[in-house]
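# Architecture at a glance
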Amino acid sequence: MILAVSNLKGGTGKTTTAVYLARFLPAMVVDADPQGSALGWSAAAAEEGGDLGIDVVHLPDPKLAERLPKADRLVIDCSPRDHRITDAAIAVADLVVIPTATTAADMDRTWATLDVAAQLGTPAAVLLVKVRAGTRSLAATVEALADEHVTVLEARIPQREALAVAWGRPLPPEPYGYDLAAAQIKELLHAR
Ligand SMILES: Nc1ncnc2c1ncn2[C@@H]1O[C@H](COP(=O)(O)OP(=O)(O)OP(=O)(O)O)[C@@H](O)[C@H]1O
Ligand SMILES: [Mg+2]
(Lines give C-alpha, C1' and ligand atoms only; values in the text may rest on other atoms or scores of the structure.)
(Ligands and ions follow the chains in the order given, each with its own letter.)
Protein backbone atom coordinates (compact mmCIF):
# COMPACT_ATOMS: atom_id res chain seq x y z
CA MET A 1 0.00 0.00 0.00
CA ILE A 2 1.36 3.41 -0.99
CA LEU A 3 -0.33 6.57 0.28
CA ALA A 4 0.59 10.08 -0.86
CA VAL A 5 -0.35 12.72 1.71
CA SER A 6 -0.73 15.87 -0.35
CA ASN A 7 -2.29 19.29 -0.42
CA LEU A 8 -1.02 22.03 -2.72
CA LYS A 9 -1.44 24.51 0.12
CA GLY A 10 1.28 24.79 2.77
CA GLY A 11 0.64 24.10 6.42
CA THR A 12 -2.56 22.08 6.05
CA GLY A 13 -1.34 19.23 8.26
CA LYS A 14 0.36 16.93 5.74
CA THR A 15 3.42 16.06 7.82
CA THR A 16 1.37 15.59 11.00
CA THR A 17 -1.03 13.36 9.07
CA ALA A 18 1.74 11.35 7.37
CA VAL A 19 3.50 10.65 10.69
CA TYR A 20 0.31 9.76 12.55
CA LEU A 21 -1.04 7.54 9.76
CA ALA A 22 2.32 5.79 9.63
CA ARG A 23 2.08 5.24 13.39
CA PHE A 24 -1.35 3.64 13.21
CA LEU A 25 -1.27 1.74 9.88
CA PRO A 26 1.66 1.02 10.64
CA ALA A 27 3.88 2.15 7.75
CA MET A 28 7.21 3.67 6.81
CA VAL A 29 7.33 7.40 5.98
CA VAL A 30 8.92 8.58 2.75
CA ASP A 31 9.65 12.28 3.22
CA ALA A 32 9.32 13.69 -0.31
CA ASP A 33 9.51 17.30 0.85
CA PRO A 34 12.84 19.12 0.33
CA GLN A 35 12.08 20.88 3.67
CA GLY A 36 12.56 17.48 5.34
CA SER A 37 9.99 18.13 8.08
CA ALA A 38 9.18 14.48 8.74
CA LEU A 39 12.86 13.53 8.80
CA GLY A 40 13.60 16.50 11.09
CA TRP A 41 10.77 15.48 13.42
CA SER A 42 12.14 11.97 13.66
CA ALA A 43 15.70 13.22 14.32
CA ALA A 44 14.57 15.78 16.92
CA ALA A 45 12.44 13.19 18.72
CA ALA A 46 15.44 10.85 18.88
CA GLU A 47 17.53 13.67 20.38
CA GLU A 48 14.87 14.12 23.05
CA GLY A 49 15.62 10.55 24.05
CA GLY A 50 12.50 9.00 22.58
CA ASP A 51 11.70 8.15 19.04
CA LEU A 52 8.73 8.31 16.71
CA GLY A 53 8.55 4.54 16.45
CA ILE A 54 8.43 5.03 12.68
CA ASP A 55 11.13 4.70 10.04
CA VAL A 56 11.53 7.86 7.94
CA VAL A 57 13.60 8.17 4.76
CA HIS A 58 14.22 11.43 2.90
CA LEU A 59 13.54 11.10 -0.82
CA PRO A 60 12.76 14.52 -2.33
CA ASP A 61 13.27 13.21 -5.84
CA PRO A 62 11.11 13.44 -9.00
CA LYS A 63 12.28 9.87 -9.71
CA LEU A 64 11.20 8.62 -6.29
CA ALA A 65 9.04 5.87 -7.83
CA GLU A 66 12.24 4.05 -8.88
CA ARG A 67 13.85 4.49 -5.47
CA LEU A 68 11.09 3.68 -3.00
CA PRO A 69 12.15 1.47 -0.09
CA LYS A 70 10.85 -2.08 -0.07
CA ALA A 71 8.13 -2.09 2.55
CA ASP A 72 4.54 -3.34 2.59
CA ARG A 73 3.15 0.06 3.51
CA LEU A 74 4.55 3.47 2.63
CA VAL A 75 3.20 6.92 3.47
CA ILE A 76 4.72 9.64 1.29
CA ASP A 77 4.75 13.12 2.86
CA CYS A 78 4.51 15.55 -0.06
CA SER A 79 5.71 19.11 -0.54
CA PRO A 80 3.13 21.83 -1.24
CA ARG A 81 5.54 23.54 -3.64
CA ASP A 82 7.69 21.08 -5.55
CA HIS A 83 5.15 19.90 -8.09
CA ARG A 84 7.45 17.53 -9.98
CA ILE A 85 8.16 15.51 -6.85
CA THR A 86 4.56 15.68 -5.66
CA ASP A 87 3.21 14.58 -9.05
CA ALA A 88 5.60 11.61 -8.97
CA ALA A 89 4.36 10.66 -5.50
CA ILE A 90 0.69 10.98 -6.47
CA ALA A 91 1.25 8.96 -9.65
CA VAL A 92 2.86 6.05 -7.80
CA ALA A 93 0.34 6.04 -4.91
CA ASP A 94 -2.70 3.79 -4.50
CA LEU A 95 -4.52 6.62 -2.72
CA VAL A 96 -3.96 10.33 -2.20
CA VAL A 97 -4.92 11.44 1.31
CA ILE A 98 -5.67 15.17 1.32
CA PRO A 99 -5.64 16.71 4.78
CA THR A 100 -7.48 20.01 4.95
CA ALA A 101 -8.95 22.39 7.44
CA THR A 102 -12.39 23.71 6.57
CA THR A 103 -11.26 27.29 5.90
CA ALA A 104 -11.91 28.77 2.46
CA ALA A 105 -8.18 29.10 1.72
CA ASP A 106 -7.43 25.45 2.58
CA MET A 107 -10.45 24.24 0.60
CA ASP A 108 -9.47 26.25 -2.48
CA ARG A 109 -6.21 24.28 -2.77
CA THR A 110 -7.96 21.05 -1.76
CA TRP A 111 -10.11 21.25 -4.91
CA ALA A 112 -6.93 21.87 -6.94
CA THR A 113 -5.26 18.85 -5.31
CA LEU A 114 -8.30 16.68 -6.12
CA ASP A 115 -7.94 17.81 -9.76
CA VAL A 116 -4.26 16.79 -9.85
CA ALA A 117 -5.09 13.35 -8.41
CA ALA A 118 -7.84 12.91 -11.03
CA GLN A 119 -5.50 13.98 -13.85
CA LEU A 120 -2.88 11.46 -12.69
CA GLY A 121 -5.52 8.73 -12.30
CA THR A 122 -5.05 8.15 -8.55
CA PRO A 123 -8.09 7.86 -6.25
CA ALA A 124 -8.23 10.47 -3.50
CA ALA A 125 -9.81 10.84 -0.08
CA VAL A 126 -10.12 14.04 1.92
CA LEU A 127 -9.30 13.99 5.64
CA LEU A 128 -10.76 16.89 7.63
CA VAL A 129 -8.19 18.13 10.16
CA LYS A 130 -8.00 21.00 12.67
CA VAL A 131 -11.76 20.47 12.97
CA ARG A 132 -13.79 22.68 15.26
CA ALA A 133 -17.10 20.93 15.88
CA GLY A 134 -20.28 22.88 15.24
CA THR A 135 -18.71 25.60 13.07
CA ARG A 136 -20.36 26.96 9.94
CA SER A 137 -17.25 26.30 7.87
CA LEU A 138 -17.36 22.60 8.85
CA ALA A 139 -21.00 22.24 7.76
CA ALA A 140 -20.39 24.13 4.50
CA THR A 141 -17.29 22.06 3.67
CA VAL A 142 -18.98 18.72 4.37
CA GLU A 143 -21.88 19.76 2.13
CA ALA A 144 -19.65 21.01 -0.70
CA LEU A 145 -17.57 17.80 -0.70
CA ALA A 146 -20.75 15.65 -0.70
CA ASP A 147 -22.20 17.68 -3.60
CA GLU A 148 -19.08 16.89 -5.64
CA HIS A 149 -19.15 13.19 -4.59
CA VAL A 150 -15.69 13.44 -3.08
CA THR A 151 -14.60 10.54 -0.86
CA VAL A 152 -14.22 11.94 2.66
CA LEU A 153 -12.84 9.82 5.50
CA GLU A 154 -15.35 9.58 8.34
CA ALA A 155 -12.60 10.18 10.90
CA ARG A 156 -12.16 13.87 11.69
CA ILE A 157 -9.03 15.16 13.37
CA PRO A 158 -9.83 17.88 15.91
CA GLN A 159 -7.97 21.16 16.37
CA ARG A 160 -5.73 20.37 19.36
CA GLU A 161 -2.94 22.30 21.00
CA ALA A 162 -1.13 19.00 21.62
CA LEU A 163 -0.95 18.50 17.82
CA ALA A 164 0.14 22.10 17.26
CA VAL A 165 3.22 21.45 19.40
CA ALA A 166 3.78 17.81 18.43
CA TRP A 167 6.62 18.39 15.95
CA GLY A 168 10.07 17.36 17.21
CA ARG A 169 8.79 15.17 20.03
CA PRO A 170 7.94 11.51 20.44
CA LEU A 171 4.25 10.90 19.73
CA PRO A 172 1.93 10.97 22.73
CA PRO A 173 -0.27 7.84 22.99
CA GLU A 174 -3.55 9.67 22.20
CA PRO A 175 -4.51 8.93 18.56
CA TYR A 176 -6.69 12.03 17.94
CA GLY A 177 -8.76 10.05 15.40
CA TYR A 178 -5.78 9.02 13.27
CA ASP A 179 -6.30 5.39 14.37
CA LEU A 180 -9.80 5.50 12.83
CA ALA A 181 -8.50 7.27 9.72
CA ALA A 182 -5.87 4.51 9.26
CA ALA A 183 -8.52 1.78 9.65
CA GLN A 184 -10.81 3.50 7.12
CA ILE A 185 -7.99 3.84 4.60
CA LYS A 186 -7.24 0.11 4.89
CA GLU A 187 -10.93 -0.66 4.30
CA LEU A 188 -11.09 1.70 1.34
CA LEU A 189 -8.09 0.09 -0.33
CA HIS A 190 -9.39 -3.44 0.29
CA ALA A 191 -12.66 -2.45 -1.32
CA ARG A 192 -10.96 -1.35 -4.52
N1 LIG B 1 -5.18 18.86 14.33
C2 LIG B 1 -4.34 19.88 14.56
N3 LIG B 1 -4.58 20.76 15.56
C4 LIG B 1 -3.76 21.81 15.79
N5 LIG B 1 -2.64 22.05 15.09
C6 LIG B 1 -2.34 21.22 14.08
C7 LIG B 1 -3.16 20.08 13.77
N8 LIG B 1 -2.59 19.43 12.71
C9 LIG B 1 -1.47 20.12 12.40
N10 LIG B 1 -1.32 21.19 13.20
C11 LIG B 1 -0.26 22.21 13.16
O12 LIG B 1 -0.36 22.93 11.95
C13 LIG B 1 0.94 23.29 11.48
C14 LIG B 1 1.17 22.72 10.10
O15 LIG B 1 1.15 21.30 10.19
P16 LIG B 1 2.08 20.40 9.27
O17 LIG B 1 3.52 20.78 9.40
O18 LIG B 1 1.70 18.99 9.54
O19 LIG B 1 1.54 20.89 7.84
P20 LIG B 1 2.15 20.62 6.40
O21 LIG B 1 0.98 20.61 5.49
O22 LIG B 1 3.02 19.42 6.42
O23 LIG B 1 3.04 21.92 6.17
P24 LIG B 1 4.03 22.15 4.90
O25 LIG B 1 3.12 22.52 3.76
O26 LIG B 1 4.92 23.28 5.34
O27 LIG B 1 4.76 20.88 4.66
C28 LIG B 1 1.93 22.74 12.50
O29 LIG B 1 2.25 23.75 13.41
C30 LIG B 1 1.14 21.61 13.17
O31 LIG B 1 1.60 21.35 14.46
MG1 LIG C 1 4.99 19.18 5.71
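These lines cover the structure that appears in this document, whether it is placed above or below. (Residues numbered from 1 in each chain as written. Chains lettered and ligands numbered in written order. Predicted model: local features only at pLDDT ≥ 70, side-chain atom pairs only at ≥ 80, totals over all residues.)

A separate point is the overall build of the protein chain. The secondary structure content of the protein chain amounts to 8 helices and 7 strands. By the compact-globule yardstick of 16 Å for 192 residues, the protein chain fits well, its C-alpha radius of gyration being 15 Å. Its C-alpha atoms give the protein chain principal-axis dimensions of about 45 × 35 × 30 Å. A buried classification covers 43% of the 192 residues belonging to the protein chain. Within the protein chain, contacts between residues at least 6 apart in sequence are counted, and of these 76% link residues at least 24 apart. (Helix = DSSP H or I, 4+ residues; strand = E, 2+ residues; numbered from the N terminus. Rg over C-alpha atoms; globule rule 2.2 N^0.38 Å. Buried ≥ 20, exposed ≤ 12 C-beta atoms within 10 Å, placed from the backbone. Contact = placed C-beta atoms within 7 Å.)

What follows deals with the packing of helix α1 (residues 14–24) against helix α2 (residues 37–47). In helix packing, the relevant descriptors are the interaxial angle and the interaxial distance, both defined with respect to the helix axes. At a minimum axis separation of 9 Å, α1 and α2 run at an interaxial angle of 60 degrees. With respect to their mutual orientation, α1 and α2 come out oblique. Taken as a pair, α1 and α2 cross one another with a handedness that is right-handed. Counting all contacts with α1, which are made through Thr15, Ala18 and Val19, the residues of α2 involved are Ser37, Ala38 and Trp41. Taken together, the residues of the contact of α1 with α2 break down into 4 nonpolar, 2 polar and no charged. (Axes fitted to C-alpha atoms, helices over the stretch in contact; angles between N-to-C directions. Parallel < 35°, antiparallel > 145°, perpendicular 65-115°, else oblique. Left-handed = near helix turned anticlockwise from the far one by under 90°. Nonpolar A, V, L, I, M, F, W, Y, C, P; charged D, E, K, R; others polar.)

Relative orientation of the contacting elements helix α4 (residues 83–92) and helix α5 (residues 104–120) amounts to 60 degrees, with a least axis distance of 9 Å. When the interaxial angle is binned, α4 and α5 end up oblique. Here α4 runs over α5; the crossing is right-handed. Within the contact between the two elements, α4 uses Asp87, Ile90 and Ala91 and α5 uses Val116, Ala117 and Leu120. Broken down by class, the residue content of the contact of α4 with α5 amounts to 5 nonpolar, no polar and 1 charged.

All right, on to the site of ligand 1 then. Taken together, 19 residues surround ligand 1, and among them Gly10, Lys14, Thr15, Thr16 and Ala164 come closest. Of all the secondary structure elements, the ones that give two or more residues to the shell around ligand 1 are α1, β6 (124–131) and α7 (161–164). Per-element accounting of the shell around ligand 1 gives the leading share, 3 residues, to α1. By residue class, the composition of the shell around ligand 1 is 7 nonpolar, 8 polar and 4 charged. (Near = placed C-beta within 6 Å.)

Let us now look at the nonpolar core. Of all hydrophobic cores here, the largest spans 56 residues; its most connected members are Leu3, Leu21, Val75, Ile76 and Leu127. The dominant element in this core, judged by the number of residues it contributes, is β6, at 7 residues. Not counting residues within four places of it along the chain, the set of residues in contact with Leu3 comprises Leu21, Val75, Ile76, Ala93, Leu95, Val97 and Ile185. (Core = buried A, V, L, I, M, F, W, Y, C linked by C-beta atoms within 7 Å.)

Attention now moves to helix α6 (residues 136–147). Here α6 contains 12 residues, and its C-alpha end-to-end distance of 17 Å stays within 8% of the 16 Å for a straight helix at 1.5 Å per residue. Taken from the residues just after α6, His149 is the one with a positive phi, measuring 55 degrees. (Expected span 1.5 Å × (residues − 1).)

What follows deals with α1. Of all 11 residues making up α1, 9 are buried, and the element is well covered by its neighbours. Three or more residues of α1 are buried, namely Lys14, Thr15, Thr16, Thr17, Ala18, Val19, Tyr20, Leu21 and Ala22.

Distances and angles like these do not, on their own, reveal function.
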